[in-house]
Amino acid sequence: MIYTVTFNPALDYVVFLDNLKLGDVNRSTRESIFYGGKGINVSTILNTLGLETTALGFVAGFTGKAIEDGLAAQGIHTDFIHLPEGNSRINVKVKHGDETEINGQGPVITEEAINELFAKLDTLTKEDILVLAGSIPNTLPEDIYEKILASLESKGIRIVVDATKDLLLNVLKYHPFLIKPNNHELGEMFGTVCKTDEDIVHYAKKLQEKGAVNVLISMAGDGAILITEDGQNIKMGTPKGKVVNSVGAGDSMVAGFITGYIRGGNYEEALKSGTAAGSATAFSEGLASLEMYEKMLKQITE
Ligand SMILES: Nc1ncnc2c1ncn2[C@@H]1O[C@H](COP(=O)(O)OP(=O)(O)O)[C@@H](O)[C@H]1O
Ligand SMILES: O=P(O)(O)OC[C@H]1O[C@](O)(COP(=O)(O)O)[C@@H](O)[C@@H]1O
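Residues numbered from 1 in each chain as written. Chains lettered and ligands numbered in written order. Predicted model: local features only at pLDDT ≥ 70, side-chain atom pairs only at ≥ 80, totals over all residues.

- Identification of the chain as Tagatose-6-phosphate kinase from Anaerobutyricum hallii is taken from an unreviewed UniProt entry.
- Annotation of the chain in UniProt includes, under Function (unreviewed entry), the sentence "Catalyzes the ATP-dependent phosphorylation of fructose-l-phosphate to fructose-l,6-bisphosphate." (UniProt positions renumbered as here; feature names shortened; annotations may be inferred.)

This is the structure:
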């Protein structure tokens with residue numbers, strides 16, 4: 001089973017505007033709602049691509065119920081922990097030629113709820129894959145991902161971490177199977193800006209030296225660079241298409257990568273599949289459909 005953990009699920013409210021005027025009343029031309037949060041997006045794409053997945057994490061209130069019910073209706077297994085107070089957040093994504101996002105803080109996660117999560121994770125075995133993805137509410141300690149990896153250290157579970165800054169840096173010593181910062185996040189972690197492919201390879205290798213098994217650096221429309229466990233360095237551009245909404249492209253890339261790795265058994269296939277899923281999402285209003293993924297994969301492999 002592929003488990004994902006989303007500490008801070010969200011309803012993604014995507015609003016399309018011709019232009020945005022700050023300090024004024026703006027009217028949208030159309031809007032959509034998606035079930036979001038990074039781990040949930042990974043589960044959604046895995047499910048679309050035909051892999052079994054269970055979404056774990058914390059939900060609260062009526063928005064939490066909407067997320068849980070909506071995922072179940074799509075056939076995605078969920079095993080969320082219900083928080084006693086508050087509501088899961090609504091993240092606002094404004095598309096006005098550019099993409100402006102306002103991501104909420106989210107409900108308070110209690111100590112009991114955290115203990116419940118640890119109990120669920122304790123049942124995982126080495127046959128499972130675990131994806132930890134997204135931010136954590138700032139009421140939680142920064143070392144929570146680290147504690148999860150420490151508690152699972154002896155089990156041989158392949159763990160994917162898609163997070164930024166200290167949340168990511170602190171887990172590297174536990175040898176996560178895959179990490180996927182984007183090029184901006186990579187630079188931020190080293191207090192620099194990665195301007196060239198050489199910069200990206202240089203700093204990605206530093207993350208590998210700190211313990212990550214495979215390091216995938218996504219670069220939006222410029223594609224991605226993968227540094228594999230055996231020292232290969234593979235760059236892949238993107239297929240052609242028109243960007244509609246790139247929210248969730250990174251999460252889709254993680255899900256596609258896992259799918260390609262499981263089905264193809266090697267990192268080249270994983271990167272192709274990850275790229276196809278990432279771009280398929282960028283070229284769609286919501287997350288990628290199977291048709292769009294297959295179309296992208298065909299462009300990449302031909
Ligand atoms: N504008 C785009 N055009 C084509 N593909 C894209 C675009 N944006 C994202 N993608 C695809 O999705 C992947 C992940 O996107 P990226 O924006 O780097 O991730 P994140 O959402 O984590 O910042 C990219 O490597 C690429 O394959
Ligand atoms: O947990 P965070 O970092 O606040 O991000 C949550 C947001 O990230 C998303 O998962 C999208 O992530 P990406 O665009 O980085 O792939 C949205 O669905 C969600 O609103």
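Read on for the rest.
**Digging into the overall build of the chain**
Here's step 1: Secondary structure summary: the chain contains 10 helices and 14 strands in total.
Here's step 2: A compact globule built from 302 residues should have a C-alpha radius of gyration of about 19 Å, and the chain, at 18 Å, falls within 12% of that.
Here's step 3: Its C-alpha atoms put the chain at 50 × 45 × 40 Å along the principal axes.
Here's step 4: In the chain, buried positions account for 44% of the 302 residues.
Here's step 5: For the chain, the proportion of contacts with a sequence separation of at least 24, taken over those separated by at least 6, is 66%. (Helix = DSSP H or I, 4+ residues; strand = E, 2+ residues; numbered from the N terminus. Rg over C-alpha atoms; globule rule 2.2 N^0.38 Å. Buried ≥ 20, exposed ≤ 12 C-beta atoms within 10 Å, placed from the backbone. Contact = placed C-beta atoms within 7 Å.)

**Some points on the packing of helix 9 (residues 267–282) against helix 10 (residues 290–301)**
Here's step 1: At a minimum axis separation of 8 Å, helix 9 and helix 10 run at an interaxial angle of 130°. Overall, the two elements helix 9 and helix 10 adopt an arrangement that is oblique. For the pair helix 9 and helix 10, the sense of crossing is right-handed. Note on element contacts: helix 10 touches helix 9 through Met292, Tyr293, Met296, Leu297, Ile300 and Thr301, opposite Lys272, Ser273, Thr275, Ala276, Ala277, Ser279 and Ala280. (Axes fitted to C-alpha atoms, helices over the stretch in contact; angles between N-to-C directions. Parallel < 35°, antiparallel > 145°, perpendicular 65-115°, else oblique. Left-handed = near helix turned anticlockwise from the far one by under 90°.)

**Section: the site of ligand 1**
Here's step 1: Around ligand 1 lies a shell of 17 residues, among which Ser218, Gly221, Ala249, Gly250 and Gly278 are the nearest.
Here's step 2: At the level of elements, helix 8 (249–264) and helix 9 are the ones that each hand at least two residues to the shell around ligand 1.
Here's step 3: Here the element with the most residues in the shell around ligand 1 is helix 9; it accounts for four residues.
Here's step 4: Tallied by class, residues from the shell around ligand 1 come to seven nonpolar, 10 polar and no charged. (Near = placed C-beta within 6 Å. Nonpolar A, V, L, I, M, F, W, Y, C, P; charged D, E, K, R; others polar.)

**Some words on the site of ligand 2**
Here's step 1: Close to ligand 2 lie 16 residues; Gly36, Asn91, Gly134, Ser135 and Gly250 are nearest.
Here's step 2: Of all the elements in the fold, those that place two or more residues in the shell around ligand 2 are strand 2 (10–16), helix 1 (38–48) and helix 8.
Here's step 3: The greatest single-element share of the shell around ligand 2, amounting to three residues, is contributed by helix 8.
Here's step 4: For the shell around ligand 2, the per-class residue count stands at three nonpolar, 10 polar and three charged.

**A look at the pairing of strand 10 (residues 158–162)**
Here's step 1: Burial of strand 10 is extensive: four of the five residues sit out of reach of the surface.
Here's step 2: In this sheet, strand 10 lies alongside strand 9 (residues 129–133) in parallel orientation, the contact comprising five bridges. The partner of valine 131 across the bridge, within strand 10, is valine 160.
Here's step 3: Here strand 10 pairs with strand 11 (residues 178–179) via two bridges, running parallel. Each bridged residue has a counterpart across the sheet, and for valine 161 the counterpart in strand 11 is isoleucine 179. (Pairing = 2+ DSSP bridges.)

**Some thoughts on the environment of threonine 238**
Here's step 1: One can find threonine 238 in the loop between strand 14 (233–236) and helix 8.
Here's step 2: The spacing of threonine 238 and glycine 221 is 17 residues in sequence and 6.5 Å in space, taken between C-alpha atoms.
Here's step 3: Threonine 238 has contacts with Gly221, Gly223, Thr275 and Ser279, leaving out every residue within four places of it along the chain.

**Thoughts on helix 1**
Here's step 1: With 10 of 11 residues buried, helix 1 lies mostly within the body of the structure.
Here's step 2: Every buried residue belonging to helix 1 is among Lys38, Gly39, Ile40, Asn41, Val42, Ser43, Thr44, Ile45, Leu46 and Thr48, and all of these are buried.
Here's step 3: Looking one or two residues past helix 1, glycine 50 carries a phi angle of roughly 95°, positive in sign.

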